[in-house]
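Analysis of the macromolecular model
For reference, the chains in residue letters:
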Amino acid sequence: MDINVRVLTKKDYSDLKKSMTEAYQGSGEIWTRENIVDLIDLFPEGQLCVEVDGRVVACALSIILNSKKSNIFDSYYEIIDDGKFFKHDNEGDTLYGIEVFVHPEYRSIRLGRRLYDSRKELCEQMNLKSIVAGGRIPNYHNYSDDISPRVYIDRVKRKEIYDPTLTFQLSNDFHVKKILKHYLPEDKESMEFATLLEWNNIYYEPDVKSPSATKQAIRLGLVQWQMRLFKDIEEFYDQVEFFVDAVSDYGSDFVVFPEFFNTPLMRPYNEMPERMAMEKLAEHTKEIIQKIQQFAVSYNINIIAGSMPLVERNKLYNVSYLCHRNGQLDSFKKVHITPNEFKYYGMVGGNEVKVFDTDCGKVGLLICYDVEFPELGRILADQGMQILFVPFMTDTQNGYMRVRACAQARAIENECYVAIAGSVGNLPRVNNMDIQYSQSAVFTPSDFAFPNNAIKAEATPNTEMVLIADVDLYALRDLHEYGTVKILKDRRSDLYSVNLLK
């Protein structure tokens, strides 16, 4: 599945009409081609859509209002001037949402949330003070004989009643500004009532005329995974989804799992020789990755799926996977194999080191032992890496300290962020995976814009938990240009260099 949130174009109208027809199923008016062309001509960046596998299946339309000249409490048809959009004002201060719909076949993968997030980003980029929209309350007709709209809304807020529209909007940080009467006269489900919803842009600068800078804060979620036995693979999936759900609820852009976090599934093969047991575990890798890809799309979060064994052409690799939230998949084979990985499993190293482009910048992947070799980090830095993710698994504190100290060094010398995530606990019935030691952390460069100890955040040692931390990509840009020291720029390339040989 290839998912892309982008600006709507006039060529999309055919797909748009088909999806809107399915979404409303005769219960709402379909936007005409003339309406869509007018909106795109008036305010092209405000018309957003979601394209899945080349087909437009969701859309969000909007205009800009001047809150001092227009009455945002007007009815829907007054706001849109019956499709003429005379109230649109490029010099206005409020983004007014006039439409959001999702094709019913795609409602399970949270495309509406992506559209709302894109609107928020647009509002921040254009330095508008808020997003305002009228929202139906389609479940109200089931309660209208007993309670008023105000009581109904309060009960939805307290989660005593579920309303498919209002519950979604409240969960996306909108608040009810006013109850509107006769908003959509034909809306019998809402009994012609609606809510005027508002989302406030906390970055709004009223005296700034030019658009504000694009926000570059990226939120990382690290899972310090408790090794535990699972009765079957479905129970393992439940545990993975629990953490993905929890971290995505914090608005994280990435969630990171540790190296070999799926090794509890080796228990049924414990009587086999070590190599054969690891190969049996590798048989599950393709299925597990497909499941985690579904989580990435559904929860709208990029997932670093720790690492797992993979057999290719009779060779056994240790592989980390980057499951993008748009459905794309990238992978990295561990380059440096530890003596024990070779001794017990006969693993071999990969031969490719490269950065991956994501919707949150350029990232690199190294697995545990790899981070102890500075050349790899430098090669990634030369390719523009901004965040380095290091899933690891260490059994002793001294092993962990090697990973930690080297990860900190990579952050400083390559002027990037480094996030390490490991496992805790033990697996007494799984050979060679029995003891775990970890303290997951996010490390930064060392300069005034960063914490004094160059540690953005760190978990409690040997405790299952999630660690949430924000990293600022603009701070990296400033460091490269204006830092107290400029490590990448000051290298003596006339004396030495690090090259990726193929």
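Residue positions are given per chain, counting from 1 as you read along its sequence in written order. Where local features are concerned, this predicted model is filtered to residues with pLDDT of at least 70; where side-chain atom pairs are given and counted, the filter is 80 or more; whole-chain, interface and lining totals use all residues. Computation of side-chain values covers all heavy atoms of the structure but excludes hydrogens and water.

So, the sheet that holds strand β21 (residues 455-458)
- In spatial order, the strands read β14-β15-β16-β17-β20-β21; together these six strands make up an open sheet with mixed pairing. Of all strands in the sheet, those bounded by a partner on one side alone are β14 (356-358) and β21. Strand-to-strand twist in this sheet, taken as the mean axis angle between neighbours without regard to direction, amounts to 20°.
- Here strand β16 (residues 387-391) pairs with strand β17 (residues 417-421) via five bridges, running parallel. Of the residues in β17, the one forming a bridge with V390 is I420. Strands pair, by our definition, only if DSSP identifies at least two bridges between them. Each helix is a run of H or I in the DSSP string that is no shorter than four residues. Each strand is a run of E no shorter than two, and both are numbered from the N terminus. For helices, the fitted axis covers only the stretch in contact; all axes are lines through C-alpha atoms, and the angles between them, taken along N-to-C directions, range from 0 to 180 degrees.

What about helix α13 (residues 473-482)?
- Along α13, the positions that sit buried rather than exposed are L473, A475, L476 and L479. An end-on view of α13 places all buried positions within 155° of arc, on one side of the element.
- In this analysis, two residues are considered to be in contact whenever any of their non-hydrogen atoms come within 4.5 Å of each other. In this fold, the buried residues of α13 make contact with β8 (217-227), β15 (361-365), β16, β17 and β22 (465-472).
- Looking at where α13 begins, the residue whose side-chain oxygen comes 2.9 Å from the main-chain nitrogen of Y474 is D472. Each residue is placed in one exposure class: buried if its accessible area under a 1.4 Å probe, protein chains only, is under 20% of its type's maximum, exposed if it is over 50%, and partly exposed if it falls in between. To be clear, the arc concerns the directions from the helix axis to the C-beta atoms. In the analysis that follows, any N or O atom pair within 3.5 Å is treated as a polar contact, provided that within protein one partner can donate a hydrogen and the other can accept it, and provided that, for residues neighboring in sequence, both atoms belong to side chains.

Comments concerning the confidence of the model for the chain
- You can read pLDDT as the predictor saying how much it trusts each residue, on a scale of 0 to 100. On average, residues of the chain score 92 in pLDDT, and 97% of them reach the 70 mark or higher.
- Here residues 210-215 scores under 50 on pLDDT; set against residues more than four positions off or in separate chains, the count is 12 contacts.

Notes on the side chain of R404
- Among the secondary structure elements, R404 is positioned in helix α12 (residues 397-413).
- Under the relative-accessibility criterion, R404 is labelled buried at 10%.
- Polar side-chain contacts of R404 include one of 2.8 Å to the side chain of E458.
- Setting aside anything within four residues of it in sequence, one finds R404 in contact with I420, Q439, A441, F443, I455 and E458.

Focus: the sheet that holds strand β1 (residues 3-7)
- The seven strands are arranged β1-β2-β3-β4-β5-β7-β6 in an open sheet whose pairing can be described as mixed. Both outer strands of the open sheet, β1 and β6 (175-181), are each paired with one neighbouring strand and no more. Each neighbouring strand pair of the sheet contributes to a mean axis angle of 25°, computed without reference to strand direction.
- Judged from the five bridges that link them, strand β2 (residues 48-52) and strand β3 (residues 55-65) form a sheet pairing that is antiparallel. Looking at β3, one finds that V52 is bridged to R55.
- Contacting β1, β2, β3, β4 (94-102), β5 (130-136) and β7 (193-200), helix α4 (residues 111-125) crosses the sheet at an angle of about 165° to β4.
- In the packing of helix α5 (residues 149-157) onto the sheet, contacts are made with β6 and β7, and the angle to β6 comes to roughly 155°.

A word on helix α7 (residues 233-249)
- Along its 17 residues, α7 runs 24 Å from first to last C-alpha, staying within 8% of the 24 Å computed at 1.5 Å per residue.
- The set of residues buried in α7 consists of I233, F236, Y237, Q239, V240, F243, V244, V247 and S248. Each buried residue of α7 sits inside an arc of 160° when the element is viewed along its axis, so together they form one side. Those residues of α7 that are exposed and aimed more than 90 degrees away from the buried face are D238 and D249. One fewer than the residue count of a helix, multiplied by 1.5 Å, yields its expected span.

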